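# Structural description and commentary
Chain residues, written in single-letter form:
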Amino acid sequence: MTDIIQLLPDHVANQIAAGEVVQRPASVVKELLENAIDAGADDIKLIIKEAGKTLVQVIDNGKGMSVTDARLSFERHATSKIKSAEDLFQLNTKGFRGEALASIAAIAHVELKTKRPDDELGTAIEIEGSVVKSQEVTVTPTGTSVAVKNLFFNIPARRNFLKSDTVELRHITDEFHRVALAHPSIAFAFYHNGSELFNVPNENYRQRVVHIFGNKTNERLVPVEEDTEVLKISGFVGKPEYSKKTRSEQFFFVNQRFIKSPYLNHAISAAFEGLLKDGYHASYFLNLTVDPKTIDINIHPTKTEIKFDDEHTLYAILRSAVKHSLGQFNIAPVLDFEQQSSFDTPYSYKDKAGKVPTIEVDRSFNPFADEGSSSGSSSSSSSSSSKSTSTTTSFKSAPAANWESLYVGLESKSNTKHDNDVELSFEKEYKTETIFSDASVETSKTTFQLQQKYIVSTLKSGMLIIDQNRAHQRVLYESFLKHITIKEATSQQLLFPLQLSFTPNEVNIISGLKEDLEHTGFVFSNVKEDTITITGVPVGVPESEVSIILEQLISDVENDVPDASFSAADLLAKSMAKSLAIKNGQTLNNTEQEHLVNSLFACKEPNISPANRPTFITMSTDDIEKKFM
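Residues numbered from 1 in each chain as written. Predicted model: local features only at pLDDT ≥ 70, side-chain atom pairs only at ≥ 80, totals over all residues. Heavy atoms only, no water.

Taken residue by residue, helix α19 (residues 590-600) has Gln593, Leu596, Val597, Ser599 and Leu600 as its buried positions. Seen along its axis, α19 keeps its buried residues to an arc of 165 degrees; they face one direction. Relative to its buried face, α19 has exposed residues pointing more than 90 degrees away, namely Thr591, His595 and Asn598. The backbone nitrogen of Thr591 has a side-chain oxygen 3.2 Å away, supplied by the residue at the start of α19, namely Asn589. (Buried < 20%, exposed > 50% of the residue type's maximum accessible area, 1.4 Å probe, protein only. Helix = DSSP H or I, 4+ residues; strand = E, 2+ residues; numbered from the N terminus. Arc of directions from axis to C-beta. Polar contact = N/O pair within 3.5 Å; in protein donor to acceptor, adjacent residues only side chain to side chain.)

Right, here's the structure in full:
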C-alpha cells in the first residue's frame, strides 16, 4: 500500500492558520495595530472601508523595515520579537508567533510600503493569496503602511459568514478601543468610509478614557492605585450609580495587553457587592503590571487569555484595592479607625444595665376643672402649687367656664327659620343598577396566578398554564411592531425634557434606530456626541423606564445584531417588549390575568415569545389522570 501522509503546501497551511488568526476584519485590525506599536510608532492611523471587507489600512511612523525584512515578514514563523523559547517568558511585545502577516496575505490582497529613517527610498510589496506579485523601490514616508484589501477573496465560504457592516464595524471599534486604551502615550486616528470616528492625541490615561467614552465619563471615574511586590494596579472604576446592563466598559490590561479573565472580573464584582442593582455591571479600566515570568500568554491564538502563577493572590489584592478606593472616595461605607475615644462607653460601665428613668406625674391636675372642684382639690396639692409661678397660680384661680356652654344656642339658631330665608331642595341620590344584578349572576374566577409567575386557566379538555412574562412580551412585541411598520404611535409629552448620557458609540447606535424609535412614540429634540434629549415617550411608558429601555436596546444591538434577514424594527420591538413586559414575581389581580390571557390569544403567533420560546403549555385531563396512576 502507498503512503497516505503528506506535507501540505505552504498556501494551504497558511489558509488553515488564517482560520485561527483571522476570524473577521477586526482580527486584521488588531494584528496590524499591534505590529505598529511594536515598531515604536507614536502616531497611528486606521483607515477602514465597508467595515473592513474592502479595505483595512494601518499607517504608522515607526522604525520601518529593510528590503529583506519586508520580504521575510510575510513568511510563516518569521518574527523579530523572539529568538528562543526562553524569550516567551520575557515578552515585552504584542506579537511573537510570526503568523499574522503570513495568514493575512494568504486570504487577501496586501500592499506593504515601508522605509527606515536612514534610507532614502522605501520598499513596496504586493501579495495576493501568498503569491508575491511585485516588489520594487518606492518613495514613501518613514514608517510602514499596510493595506489589506478584499478580505477572504479566495475563500468565499468564509466571506459569506461575515455579518453586516454594522456588526463588523462594532467589532473593529472594540479592538480599536482596547489598543487605544492600553497605550495612551500613542496618538490614534480612526476613519471609516472617509469620515473620522476617533482622533485621540498623546495624553494621560484619564484623558484617553474620557476621549473614547465621552466627556460625561470624567465625573464617573474613581481612581484605583496599588503597588505591591506581586502586582501593581492603576486605573479607574466607575461609580455604582453609573453601572450598565452591558459589559462594554470593562477592560483589564496586563502589561499593556488586553485580556479577558472571568476570575479577576469576579474580584471586581465582589468589591462592588451590595452597591449594584441586579443585572447591572460595574465599569472598570484597570492596568495590571506583573513580572512577565509569572504569566503565560501563549495559550490562545488571539492572546486575550493569560495564565497566572498565583491567581488567588492577584484576586485578593485586586478586590482589596478596588474596595479601598470605593471607601476612600465615600462611595462605600468603611470602618472609621479615627473615631474619638470620648464617644465610646467607659469600660467600668460595660456590665451595668440601663435604668428606666423615673417620672413623677400630678394626677390631680386638671386645667379644665371648674372653680369649685379646683378649690377642693387644691388643698391636697398645696405644696406643689406654692412652687408654681404667679402666672400659673392666676390661671388656676380664674373662674373657668364650662366647655359645654360654648355650644349653647347653636342648635336653636340653626333650626330657626326666618321669613326671608330661601328653602333649598336637593335631589335624591338614586343607586345606579348594573346590567347584571349581584343576586342573579354569580361571579366565578376563571384564572389563577401560581407563584407570581404562571397564570393557570381551564380548558374544556384540561388545563392551560401561561408564562406571564413571555406572554406579555408577545403581546407588546406585536403591538410595537404594528406601530413601527403600519402607523405611527401616539406620544405623551414630558413636562421636563429628559437628558441621558451615553458613550459616542452608544449614541451612534441610537441614531441609527432613531426613525424607528420615533414611530413607537419617542420624540428626540437633540442628539449630541454623548447626550440625548427626549421630550416625548410612548403612551404607557414611565419616564423612569426610558433609560432602561434604551440601555436594553443598546445591549441587544451590541450582543445580537440581526443580519440582513432581520430588520432594525424587529429588533427594536423585541427589545422594548423585553424591557416593558411584566416581570416574574409581579402580582396580578383577576382582571389583569384575564386581560393578559385574552390579549395573548388575540396575537398572530401566541404560541411562542419573541425569543422563540413557548409562552404556554396545556395539560389534558388524560395527562392529569396518568399522574395518579
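What follows deals with the nonpolar core. Grouped together as the largest cluster of nonpolar side chains are 56 residues, with contacts concentrated most on Leu32, Ile44, Leu46, Val148 and Phe188. In contact with Ile44, not counting residues within four places along its chain, are Leu33, Ala36, Ile37, Val58, Ile59, Asp60, Ile186, Ala187, Phe188 and Ala189. (Core = buried A, V, L, I, M, F, W, Y, C linked by side-chain atoms within 4.5 Å. Contact = heavy atoms within 4.5 Å.)

This part is about the confidence of the model for the protein chain. On average, residues of the protein chain carry a pLDDT of 79, and 77% of them reach 70 or more. In this model residues 373-400 is a low-confidence stretch, pLDDT under 50, and it forms eleven contacts with partners more than four residues away in sequence or in other chains. Note on residues 434-443: pLDDT is under 50 here. Beyond four places in sequence and across chains, it has one contact. (pLDDT = per-residue confidence, 0-100.)

Per the stated rule, a full pass over the model turns up 15 aromatic pairs. Ring geometry for Phe190 against Phe198: centres 6.3 Å apart, planes inclined by 10 degrees, an arrangement best described as stacked. Under the relative-accessibility criterion, Phe190 is labelled buried at 0%. Take Phe198: its relative accessible area is 9%, and that puts it in the buried class. With a centroid separation of 4.7 Å and an interplanar angle of 40 degrees, the aromatic rings of Phe252 and Tyr284 are classed as tilted. One end of the pair, Phe252, is in strand β11 (residues 250-254); the other, Tyr284, is in strand β13 (residues 284-289), and 32 residues separate them in sequence. Judged by relative accessible area, Tyr284 falls into the buried class, the value being 3%. A connected cluster of aromatic rings, assembled from ring pairs, spans Phe213, Phe251, Phe253, Phe258 and Phe285. The side chain of Lys277 reaches across the aromatic face of Tyr280, ending 4.7 Å from its centre. (Phe/Tyr/Trp six-rings, centres within 6.5 Å; stacked < 30°, edge-to-face > 60°. Lys NZ or Arg CZ within 6 Å of the ring centre and 35° of its normal.)

Moving on, we get to the packing of helix α8 (residues 262-271) against helix α9 (residues 311-328). For any two helices packed against each other, one specifies the crossing angle of their axes together with the interaxial distance. It is at 8 Å that the axes of α8 and α9 come closest, and there the two elements cross at 30 degrees. As judged from the angle between their axes, α8 and α9 are roughly parallel. In this structure, α8 meets α9 at a crossing whose hand is right-handed. Contacts from Tyr263, Leu264, His266, Ala267, Ile268, Ala270 and Ala271 of α8 reach α9 at Glu311, His312, Leu314, Tyr315, Leu318, Arg319, Val322, Lys323 and Leu326. Residues of the contact of α8 with α9, tallied by class, amount to eleven nonpolar, two polar and three charged. (Axes fitted to C-alpha atoms, helices over the stretch in contact; angles between N-to-C directions. Parallel < 35°, antiparallel > 145°, perpendicular 65-115°, else oblique. Left-handed = near helix turned anticlockwise from the far one by under 90°. Nonpolar A, V, L, I, M, F, W, Y, C, P; charged D, E, K, R; others polar.)

Turning to the pattern of salt bridges, a few remarks are in order. Applying the stated rule across the entire model yields 14 salt bridges. Close ionic contact of Glu75 with Arg71 constitutes a salt bridge, the shortest N to O distance being 3.3 Å. On the accessibility criterion, Glu75 (36% relative accessible area) is partly exposed. By relative accessible area, which is 29% here, Arg71 ends up partly exposed. In this structure, Glu111 and Lys149 form a salt bridge, with 3.2 Å as the shortest nitrogen-oxygen distance. Note that Glu111 is positioned in strand β3 (residues 109-115) and Lys149 in strand β6 (residues 143-149), a separation of 38 residues in sequence. Residue Glu111 is classed as partly exposed on the basis of its relative accessible area, which comes to 28%. Residue classification places Lys149 among the partly exposed residues on the basis of a relative accessible area of 30%. Here the residues in one salt-bridge network are Arg474, Glu478 and Glu605, joined through shared partners. (Salt bridge = Lys/Arg side-chain N within 4 Å of Asp/Glu carboxyl O.)

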